[in-house]
Amino acid sequence: MSTFQAPKGTYDLTPPRSATFLAVREAIAAPLRDSGYGYIETPGFENVELFARGVGESTDIVTKEMYTLTTKGGDQLALRPEGTASVLRAALESNLHKAGNLPVKLWYSGSYYRYERPQAGRYRHFSQVGAEAIGTEDPVLDAELIILADQAYRSLGLRQFRILLNSLGDKECRPVYREALQTFLRDLDLDEETRRRIEINPLRVLDDKRADVQKQLTDAPKLRDYLCDACKAYHEEVRALLTAAGVVFEDDEKLVRGLDYYTRTTFEFVHDGLGAQSAVGGGGRYDGLSEMIGGPELPSVGWALGVDRTVLALEAEGIELDLPYATSVYAVPLGEEARRVLFGVVTGLRRAGIAADFAFGGRGLKGAMKSANRSGARYALVAGERDLAEGVVQLKDMESGEQSAVPLTEVAAELAKRLG
Ligand code: HAM
């Protein structure tokens, strides 16, 4: 293994691609910020118990994919595999649900860790932007979140994504369905591990990707036929609100999510250009999670969009975001005196809010102009001894190639004018 290699299943974000990641995070966050969601940040690790209880003892995430560790003090911690349990824990700890209006609307952005088999679009360290609306049962809230994710993706120019929608029922109707499904599954020809899954998490069996399993599932009881009237009405309302907002979705009664806390509305954003790891985001309602982790009853709903996969989706659609260049002005000094003077000019430009960079290391004109080009700067400032003697710098428009002498005292104003 080379010393310069990131750990398996991880990768570094480096310029220029890293700029796209930042822009994606920003694009997902913007509609949330505009809709009353406040920013929350929680630790990168939590007590392992939180995820075991919250995400679910029977999920792959908890049984196979958590990075757990015992601290020197004997605490059992886990790197966070997801954000929902942490955000709810933090909201409860800070009593946000008692502070004022419900729902408590929060958004977050950060790193998550799952010990998965790495492949394209699946990493052991990945990044999500998420949103949680805590403490209110209202189909408008479910619809709001789905609409905001759709809006974020559209603002990035994405078109080849689909929204899959399902209802998983509630604590009244799901247990009845679960039992009917278990009875059906127990009669099938399945391997030992799948048989175990029937007992702990039968809905996950429906998600089995193997053809020989899927073949046997054709006549499996359908959750749709077991939904109670309240769940049905709730789901119809969410569907109607999405339709009214012009958000296209597909009903997918096979949609079972990999986390145990979901009730009623569940959804996934899938992108058709990504191959196997097509889920770019997902979420749903989790009315029982607060009680599962020891809190009061707080019906809630949320989602998380994967930043890594969203960037891959942009690449799959050939979308280049219109990112402003990091640098507007690049200063090229020729000689010691010019270095001091131009560095002063650059500092002044930066203080005036104009993005400026400098040819460091005392390079020659040719090399420095190459750097100016690579920086993407619209203007270069070049000055040598003769210019300084005349009190001017050469201002070069890097697009047109035009160059003119500008008095030193007017450079900042001239650039501010030209850059608008
Ligand atoms: P999730 O479906 O497990 O949901 O993850 C959400 C998104 O994170 C996925 O759609 C995917 O884009 C990204 N993601 C997950 N695992 C990986 C991985 N190994 N590599 C790259 N990207 C990955 C949740 O995490 C829930 N907390 C969402 C939620 C919020 N539900 C309610 N509120």
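To be clear, the structure that these remarks concern was listed above.
*Asks:* Tell me what's going on with unusual backbone geometry, and back it up with residues and numbers.
*Replies:* Cis geometry is found at the peptide bond from Pro15 to Pro16, where omega equals 5°. With respect to the helices, strands and loops of the structure, Pro16 is situated in the segment before α1 (17–33). With an omega of 0°, the peptide bond running from Leu102 to Pro103 counts as cis. Along the chain, Pro103 falls in the loop between α5 (96–99) and β5 (104–113). In this model, Asn95 sits at a positive phi of 55°, which is unusual for a non-glycine residue. Relative to the assigned elements, Asn95 resides in the loop between α4 (84–93) and α5. Looking at Asn95, the relative accessible area reads 33%, which means it is partly exposed. In this model, Arg264 sits at a positive phi of 55°, which is unusual for a non-glycine residue. In this fold, Arg264 is placed in strand β9 (residues 263–271). Residue class for Arg264 comes out buried when judged on its relative accessible area of 7%.

*Asks:* Break down the pairing of strand β14 (residues 379–383) for me, with residues and values.
*Replies:* Of all 5 residues making up β14, 5 are buried, and the element is well covered by its neighbours. One ladder, built from 5 bridges, connects strand β12 (residues 329–333) with β14; its direction is parallel. The residue bridging Val329 from the neighbouring strand is Tyr379, located in β14. Strand direction decides the pairing type here: β14 and strand β15 (residues 392–397), joined by 4 bridges, are antiparallel. From the neighbouring strand, Val382 faces β15, where its bridge partner is Gln394.

*Asks:* Tell me about helix α15 (residues 365–375), and name the residues and values.
*Replies:* Listing the buried residues of α15 in full gives Ala368, Met369, Ser371, Ala372 and Ser375. Along the axis of α15, the buried residues cluster in a sector spanning 155°; they form a single face. Pointing more than 90 degrees away from the buried face of α15 are the exposed residues Lys366, Lys370, Asn373 and Arg374. For α15, the elements touching its buried residues are β12, β14 and β15. Count one or two residues on from α15 and you reach Gly376, which has phi positive near 80°.

*Asks:* Tell me about a positive patch on the surface, residues and numbers included.
*Replies:* Together, Arg363, Lys366, Lys370 and Arg374 make up a region of like positive charge exposed at the surface. Summarising the element assignment, Arg374 is placed in helix α15.

*Asks:* Tell me about the packing of aromatic side chains, and name the residues and values.
*Replies:* Considering all chains together, one arrives at 14 aromatic pairs under this definition. The ring of Tyr234 carries Arg264 above its face, with NZ or CZ at 4.8 Å from the centroid.

*Asks:* Outline the sheet that holds strand β2 (residues 45–47), supporting the account with residue identities and numerical values.
*Replies:* Taken together, the 3 strands give an open sheet; going across it, the order is β2-β4-β3, and neighbouring strands pair in antiparallel fashion. Edge positions in the sheet fall to β2 and β3 (68–70), since each of these pairs with one other strand and no more. Taken over all neighbouring pairs, the strand axes of this sheet differ in orientation by 35° on average, direction set aside. In terms of strand pairing, β3 meets strand β4 (residues 76–79) through 3 bridges, oriented antiparallel. The partner of Leu69 across the bridge, within β4, is Leu77.

*Asks:* Summarise the packing of α1 against helix α13 (residues 307–316); cite the residues concerned and give the values.
*Replies:* Contact geometry for α1 and α13: axes closest at 10 Å, N-to-C directions at 110°. If you check the angle between α1 and α13, you find them roughly perpendicular. When the axes of α1 and α13 are compared, the crossing they make is right-handed. Residues Arg17, Thr20, Phe21, Val24 and Arg25 of α1 touch α13, and the partners they reach there are Val307, Asp308, Thr310, Val311, Leu312, Leu314 and Glu315. For the contact of α1 with α13, the per-class residue count stands at 6 nonpolar, 2 polar and 4 charged.

*Asks:* Please provide a residue-by-residue account of the side chain of Asp170, values included.
*Replies:* Tracing the sequence through the fold places Asp170 in the loop between β7 (161–167) and α7 (174–186). Assessed through its relative accessible area of 14%, Asp170 is described here as buried. At a separation of 2.9 Å, a polar atom in the side chain of Asp170 contacts the main-chain amide nitrogen of Glu172. In this structure, Asp170 is in contact with Pro175, Cys228, Cys231 and Arg264, ignoring residues within four places of it in sequence.

*Asks:* Any details on the pattern of salt bridges? Residues and values, ideally.
*Replies:* A full pass over the atoms with the stated rule returns 32 salt bridges. Here Asp60 ties to Lys64 by a salt bridge, and the two come within 3.5 Å at their closest N and O atoms. According to the relative accessible area criterion, Lys64 is partly exposed, its value standing at 47%. Glu253 is paired through a salt bridge with Arg224; the nearest N and O atoms lie 3.1 Å apart. In this pair, Glu253 is assigned in the loop between β8 (250–251) and β9 and Arg224 in the loop between α10 (211–216) and α11 (229–244), connecting sequence segments 29 residues apart. What makes Glu253 partly exposed here is its relative accessible area of 32%. Through salt bridges that share partners, Asp60, Lys64, Glu193 and Arg197 make up one connected network.

Quick notes on the rules
- Residues numbered from 1 in each chain as written.
- Predicted model: local features only at pLDDT ≥ 70, side-chain atom pairs only at ≥ 80, totals over all residues.
- Heavy atoms only, no water.
- Helix = DSSP H or I, 4+ residues; strand = E, 2+ residues; numbered from the N terminus.
- Buried < 20%, exposed > 50% of the residue type's maximum accessible area, 1.4 Å probe, protein only.
- Pairing = 2+ DSSP bridges.
- Arc of directions from axis to C-beta.
- Contact = heavy atoms within 4.5 Å.
- Patch = residues over 30% accessible without salt bridge, like charges linked within 9 Å, V, L, I, M, F, W, Y side chains within 5 Å.
- Areas by Shrake-Rupley, 256 points an atom, 1.4 Å probe, with all protein chains shown as cover.
- Salt bridge = Lys/Arg side-chain N within 4 Å of Asp/Glu carboxyl O.
- Lys, Arg positive; Asp, Glu negative; His and termini not counted.
- Charge placed at Lys NZ, Arg CZ, Asp CG, Glu CD.
- Phe/Tyr/Trp six-rings, centres within 6.5 Å; stacked < 30°, edge-to-face > 60°.
- Lys NZ or Arg CZ within 6 Å of the ring centre and 35° of its normal.
- Axes fitted to C-alpha atoms, helices over the stretch in contact; angles between N-to-C directions.
- Parallel < 35°, antiparallel > 145°, perpendicular 65-115°, else oblique.
- Left-handed = near helix turned anticlockwise from the far one by under 90°.
- Nonpolar A, V, L, I, M, F, W, Y, C, P; charged D, E, K, R; others polar.
- Polar contact = N/O pair within 3.5 Å; in protein donor to acceptor, adjacent residues only side chain to side chain.

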